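What the coordinates show
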Amino acid sequence: MTKRIDRPPMDRHIDGRMRFFAKVVKCPGCWVWTGHPNGKGPIQAYGRMAWFGRPTLAHRVSWEIHRGPIPAGLRVLHSCDNPKCVNPDHLFLGTTKDNSDDMISKNRQRVLHGIEHWCAKLTESAVKDIRNSKEILRVLAEKYGVHISTIQAAKTRRYWNHL
């Protein structure tokens, strides 16, 4: 039987700081996160790492390392608008509304229309055919594989009103 050697407990905070800085490239302005991205799609630009055993966004980890705990109900926002940036000088606290107001003031909002929209199930040509069709909604819904309400919204221009 082999004897088990107990290791001294690691300070998870110090270990986490070392792991954090190993994934940061300090450029003259932004500090770029080079580690694991968060998820897929447009939000993947944000970095992610395990922080005290929980998956946490890298810019939030940076805030906690440099500024301390994040108060409940607040978000860590970027003044530089670079989601990969973890430079504490480019981060500030705010609410979800503050983040939206910041996005609007910098003209970063983008409204997706038609097939660009993440939940679009119809194409432009299908919508044009639906609007010109005399068939009942149920038949059109079966034909295009969508719910009747989707057909009605396309016909009445509640959806696809840009066409």
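Refer to the structure presented above.
Attention here is on the structure that accompanies the text. For every chain, the first residue of its written sequence is number 1, and the numbers climb from 1 along that sequence. Local features in a predicted model are, by the rule used here, given only for residues with pLDDT of at least 70; side-chain atom pairs are given and counted only at 80 or more, and totals for whole chains, interfaces and linings are based on all residues. The basis for the side-chain values is all heavy atoms of the structure; hydrogens and waters are excluded.

**Quick word on the environment of Thr96**
Defined as follows: Put simply, DSSP marks the helices as runs of H or I at least four residues long and the strands as runs of E at least two long, and each gets a number from the N terminus on. Each residue is placed in one exposure class: buried if its accessible area under a 1.4 Å probe, protein chains only, is under 20% of its type's maximum, exposed if it is over 50%, and partly exposed if it falls in between. Nitrogen and oxygen atoms within 3.5 Å of one another constitute a polar contact, given that in protein one can donate a hydrogen and the other can accept it, and given that sequence-neighbouring residues count only through two side-chain atoms.
For Thr96, the location among the structural elements is in helix 3 (residues 96-105). You can call Thr96 partly exposed: its relative accessible area is 43%. As for Thr96 and Gly73, which are separated by 23 residues in sequence, their C-alpha atoms are 8.6 Å apart. Side-chain polar atoms of Thr96 contact the side chain of Arg75, separated by 3.0 Å.

**So, the pairing of strand 4 (residues 54-57)**
To keep it simple, the criterion reads: When DSSP finds at least two bridges between two strands, those strands are taken to pair.
Bridge count between strand 3 (residues 48-51) and strand 4: four bridges; the pairing is antiparallel. What sits directly across from Trp51, in strand 4, is Arg54. Taking the residues that link successive antiparallel strands as the turn, the strand 3-strand 4 hairpin has two residues, and the phi of Phe52 there is positive, at about 55 degrees.

**Some details on the packing of helix 5 (residues 137-144) against helix 6 (residues 148-155)**
The criterion, for reference: Fitting a line to C-alpha atoms yields each axis, with helices limited to the stretch in contact; the angle taken between N-to-C directions then spans 0 to 180 degrees. In these notes the angle categories are as follows: under 35 degrees is roughly parallel, over 145 is roughly antiparallel, 65 to 115 is roughly perpendicular, and the rest is oblique. We call two residues in contact when some of their heavy atoms are within 4.5 Å. The residue classification treats Ala, Val, Leu, Ile, Met, Phe, Trp, Tyr, Cys and Pro as nonpolar and Asp, Glu, Lys and Arg as charged. All others, Gly included, are polar.
Their axes nearest at 8 Å, the elements helix 5 and helix 6 cross at an angle of 105 degrees. The orientation of helix 5 with respect to helix 6, classified from their angle, is roughly perpendicular. Of the residues in helix 6, those touching helix 5 at Leu137, Arg138, Leu140, Ala141 and Tyr144 are Ile148, Ile151, Gln152 and Lys155. When its residues are assigned to classes, the contact of helix 5 with helix 6 shows six nonpolar, one polar and two charged.

**Description of unusual backbone geometry**
Phi angles above zero are rare outside glycine, and Asp81 is one such case at about 60 degrees. In this structure, Asp81 sits in the loop between strand 5 (75-78) and strand 6 (91-94). Overall, the relative accessible area of 31% leaves Asp81 in the partly exposed class. Positive phi values are uncommon outside glycine, yet Arg157 reaches one of about 65 degrees. Among the structural elements, Arg157 can be located in the segment after helix 6.

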